[in-house]
Amino acid sequence: MKDFLYECSHEMSTGNAGVDHLNTIRLSMQPEYWALIDYLVEKGILDEKEFSAFLGRHFKAQVSVAERFAQEKGEK
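One structure accompanies this document, and this report is about it. Bear in mind the structure is a predicted one, so any value in this text is a computation, not a measurement.

### Side note on the environment of L5
Summarising the element assignment, L5 is placed in helix α1 (residues 4–7). The sequence separation of L5 and S28 amounts to 23 residues, and the corresponding C-alpha distance is 7.9 Å. Residues within four places of L5 in sequence aside, it is in contact with M12, T24, L27, S28 and W34.

If you want it as structure tokens, here you go:
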């Protein structure tokens, strides 16, 4: 088993260091989640690199929504 958070951090990066740090902390506190990831990888169902890129797209989308909301709020 490799350290998914460390090895795949580039693929999951949002470009915002604070958000990336919070995501890492939040994910690291979910042992059941990591057990499921390990299980699915071991069974050959999940590709870690592909999954980390997928997760990264979702993280970036969350940041984008928050930034748009803040911009719209600032324009009012």
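Having seen the structure, we can now continue with the description.
### A short note on the pattern of salt bridges
Overall, the coordinates contain one salt bridge when judged by the stated rule. Across the salt bridge formed by E11 and K49, the nearest N and O atoms sit 3.2 Å from each other. Of the two residues, E11 sits in helix α2 (residues 9–12) while K49 sits in helix α5 (residues 48–75), which places them 38 residues apart along the sequence. In this structure E11 comes out as partly exposed when scored by relative accessible area, which is 22%. By relative accessible area, which is 40% here, K49 ends up partly exposed.

### Here's the deal with the environment of G56
Among the secondary structure elements, G56 is positioned in helix α5. For G56, a relative accessible area of 0% corresponds to the buried category. For the pair G56 and E11, spaced 45 residues apart in sequence, the C-alpha separation works out to 5.8 Å.

Cut-offs applied
- Residues numbered from 1 in each chain as written.
- Predicted model: local features only at pLDDT ≥ 70, side-chain atom pairs only at ≥ 80, totals over all residues.
- Heavy atoms only, no water.
- Helix = DSSP H or I, 4+ residues; strand = E, 2+ residues; numbered from the N terminus.
- Contact = heavy atoms within 4.5 Å.
- Salt bridge = Lys/Arg side-chain N within 4 Å of Asp/Glu carboxyl O.
- Buried < 20%, exposed > 50% of the residue type's maximum accessible area, 1.4 Å probe, protein only.

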